[in-house]
Amino acid sequence: MPYALCFLLFVIGLYCAVVKKNMVKIVVGILVMEYAVNLFLIMLGYRSEGVAPIVDKSYLTEGGGIADAFLSHAVDPLPQALVLTAIVISLGSLALMISICIRTYEKYGTFDITEIRRLKG
Amino acid sequence: MTVPLPVFVVLPLAAAFMLPLFGKKGKSAATLLANLVTIGLVVMAVSTIGQSRTYEIGRWSIPLGINLVLDGLSCLLLLAVSVVSAAAMLFSTRYMEQYTAKSKYLCLFMLMVTGMNGVVLSGDIFNLFVFLEIASIASYALVGFGCEHEELEASFKYMVLGSIASMFVLFAVALVYGNTGTLNMAYISRTIGTNGMNLGLTFAMGLFIAGFGLKAALVPFHAWLPDAHPSAPAPISAMLSGVLIKALGVYALTRILFNIFGISVAVGWVIITLAVLSMVCGALLALGQWDFKRLLAYSSISQVGYVVLGLGLGALIIAKGGNTAVASLAILGGLLHLLNHAVYKSLLFLNSGSIEMATGTRQLKEMGGLAEKMPYTRATCAIASASIAGVPPLSGFWSKLIIVIAAIQAEYYWIAAVVVGVSVCTLIMYLKAHRYVFLGELPENLKDVKENKGSMLLAMSLLAVLCVVMGLLVLVKPLKTNVLEPAVKVVMDGPDYSANIIAQK
């Protein structure tokens, strides 16, 4: 169920990016898509009653091995690392997108993409 | 000499951040340094021919760490990227003098090269996404580099579609991770090999095809390309059409479909349908264009169709259990066409840049009779046009011939007919371009046009020579066995790729 909602969020973002006429709304649509994917990644690593994936002394067994309690409850740390990277990348592309929106507004005086149509063919 | 693999990524990345430090006064020093870096990359790429090895970043062995993989296919793409970027950088030395902020241009150019080298070397699926974004974001900025009306519009359009494509890819990466529990390509492939496909992985494959299809501008995902490629400065158009759509689109798609997921008959037909649509629509739309660079951009869509067609035909024959010799012939044709197209399409875009710089226009109807004024540009443009149209013995002829032979041997006669038909369309569109640009009456306002000399001429001549001699890749045995056949073998091996990588650990 949460995965379905996450996918719905992705589709809403896609719809917004494809259908909307205002440049800023298109940018927001792309951001919603990015957040949906980030949320999906985080949910992949989720475990109910999970613990941080750091082995401290209480999880070590007497033979020096790692206790089963840790292995069955530790959260997967990799998706969080991926999401951090994805957020940094989306920040970069967001900054570029917004600056191009501003430059375009300076040139055309509008954010409406139906009026920004010099390229054809 | 063995070059450590990270150098291909680290060298241009370091250059990218050093070049803006030179500022306005050190512009010529910065340009010289950038040229040295690109030429160095060519030398290193040539030295990797015939090698195959892996590198584990930070000595963390896979699947815990990230690895870089050099094999035949990566090596082929490295060669294409480095040769085209060296020629484009040489051309920019003079051409980019008409823009301000050259050092920023050099920085973005180097970042784009970094991203492409990273994509072709990466053995980790998320790492591939990161490099894909580096190259894409640099290219969005470069398309809008002129900051005029059309350039900003094209850049925004490209960026929206490019970002949607990236999100598709990231979503697919997340799905693959969720279903296989690893991000390393070799281990994903092994897991899929033992557990088989499920619904999530099939959906991920669809997202990958859509995402990389958008990056490769296959019809129906092509809407951004005819705006973005002509709006960029000429050397960047050459890079975008020559290698970016292939490294980010075709290469990534090939790697994912052939080496990770493995191919099936349905996937083969999907690829062939996309390819045939691109070839036919691209060629027909190009015929009606009157803007020189726009014509070249539509022709790129059509030519990428050839590359994908060769690969798709191979995939279909393998999946149906047909003759592997025919399948490898089709893939050989596709990969050779990838190399050829990188060379002649970048040459044509450099020609268009040279003409635009001399005449100040890109409209075919406003030009004419430039043959006497610009003899060198004309000669190189004629070689490239003949090559792309498939006139023997120039490079384009061989790759098209191989694809046609493979299609006939596999008894898909209609595919062979489409290939020949689109080739005729290509010939017509380049005859039209040639007729309007170089022949006919010289307009009054172009009487004192001068040929571009120096680095621009050198870059064009180098690529023209390559166009003529590329046929040797098929004809000379050592070149064929060292450059093309390892790449074909990687594609043909399919999921065995994972066993090779894990064995090298």
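Since the structure is predicted, the reported quantities are computational estimates derived from the model, not experimental observations.

Draft legend 1. Spatial organisation of the overall build of chain B. When its secondary structure is counted, chain B shows 20 helices and two strands. Taking the principal axes of its C-alpha atoms as reference, chain B extends roughly 70 × 55 × 45 Å. Within chain B, buried positions represent 61% of all 505 residues. Taking contacts inside chain B between residues at least 6 apart in sequence as the whole, the part at least 24 apart equals 79%.

Draft legend 2. Spatial organisation of the overall build of chain A. Counting its regular elements, chain A contains four helices and zero strands. Moving toward the C terminus, one meets the helices and strands of chain A in the order α-α-α-α. Here the C-alpha coordinates of chain A stretch approximately 75 × 30 × 25 Å along the principal axes. The buried share among the 121 residues of chain A stands at 22%. Long-range pairs, those at least 24 residues apart, make up 54% of the contacts in chain A with a sequence separation of at least 6.

Draft legend 3. Layout of the interface of chain B and chain A. Contacts between the two partners involve 28 residues from chain B, matched on the other side by 29 residues from chain A. Only helix H5 (125-143) and helix H6 (149-180) of chain B provide two or more residues apiece to the side of chain B that touches chain A.

Draft legend 4. Molecular detail of the packing of helix H13 (residues 324-359) of chain B against helix H17 (residues 455-469) of chain B. Residues and elements named next belong to chain B. Remark: H13 packs on H17, axes separated minimally by 9 Å, with the N-to-C direction vectors making an angle of 150°. Between H13 and H17, the crossing angle belongs to the class labelled roughly antiparallel. Considering how the two elements wind past one another, H13 and H17 form a crossing that is left-handed. Contacts from Val-343, Tyr-344, Ser-346, Leu-347, Leu-350, Asn-351 and Ser-354 of H13 reach H17 at Met-456, Ala-459, Met-460, Leu-463, Ala-464, Leu-466 and Cys-467. By residue class, the composition of the contact of H13 with H17 is eleven nonpolar, three polar and no charged.

Draft legend 5. Seen up close, the pairing of strand E2 (residues 67-70) of chain B. All names here are of chain B. Side chains Asn-67 and Val-69 project from E2 onto one buried face, and the interleaved Leu-68 and Leu-70 project onto a second face that is buried too. Here strand E1 (residues 53-56) pairs with E2 via four bridges, running antiparallel. Of the residues in E2, the one forming a bridge with Thr-54 is Val-69.

Draft legend 6. Examining unusual backbone geometry more closely. Residues and elements named next belong to chain B. At the junction of Val-219 and Pro-220, the peptide bond is cis and its omega measures out at 5° in the coordinates. Backbone torsion omega between Pro-392 and Pro-393 reads 0°, so that peptide bond is classified as cis. Tracing the backbone through its elements, the reader meets Pro-393 in the loop between helix H14 (375-389) and helix H15 (395-409). The phi dihedral of Ala-101 is positive, around 55°, even though this residue is not glycine. Note that Ala-101 resides in the loop between helix H3 (72-95) and helix H4 (102-121). Judged by local crowding, Ala-101 falls into the partly exposed class, with 14 C-beta atoms found within 10 Å. One non-glycine residue with positive phi stands out, namely Cys-147, at about 60°. Residue placement: Cys-147 occurs in the loop between H5 and H6.

Draft legend 7. Representation of helix H1 (residues 7-18) of chain B. Between its terminal C-alpha atoms H1(B) stretches 16 Å, which fits the 16 Å expected from twelve residues at 1.5 Å a residue. Of all the residues in H1(B), the buried ones are B:Phe8, B:Val9, B:Leu11, B:Pro12, B:Ala15 and B:Ala16.

Draft legend 8. Expanded view of helix H12 (residues 292-319) of chain B. Residues and elements named next belong to chain B. With 28 residues, H12 extends 41 Å from end C-alpha to end C-alpha; this agrees with the ideal 40 Å at 1.5 Å per step. Counting buried positions along H12 yields 27 of 28 residues, so the element is predominantly enclosed. Taken from the residues just after H12, Gly-321 is the one with a positive phi, measuring 75°.

Draft legend 9. The arrangement of the nonpolar core in detail. Within the largest apolar cluster, 227 residues are counted, with the highest numbers of intra-cluster contacts made by B:Met110, B:Val119, B:Phe171 and B:Cys467. Not counting chain neighbours up to four residues away, the residues in contact with B:Met110 comprise B:Pro12, B:Ala15, B:Ala16, B:Leu19, B:Ala34 and B:Val37.

Procedures and definitions
- Residues numbered from 1 in each chain as written.
- Chains lettered and ligands numbered in written order.
- Predicted model: local features only at pLDDT ≥ 70, side-chain atom pairs only at ≥ 80, totals over all residues.
- Helix = DSSP H or I, 4+ residues; strand = E, 2+ residues; numbered from the N terminus.
- Buried ≥ 20, exposed ≤ 12 C-beta atoms within 10 Å, placed from the backbone.
- Contact = placed C-beta atoms within 7 Å.
- Axes fitted to C-alpha atoms, helices over the stretch in contact; angles between N-to-C directions.
- Parallel < 35°, antiparallel > 145°, perpendicular 65-115°, else oblique.
- Left-handed = near helix turned anticlockwise from the far one by under 90°.
- Nonpolar A, V, L, I, M, F, W, Y, C, P; charged D, E, K, R; others polar.
- Pairing = 2+ DSSP bridges.
- Expected span 1.5 Å × (residues − 1).
- Core = buried A, V, L, I, M, F, W, Y, C linked by C-beta atoms within 7 Å.

Fair warning: the whole summary comes from geometry, so function is off the table for now.
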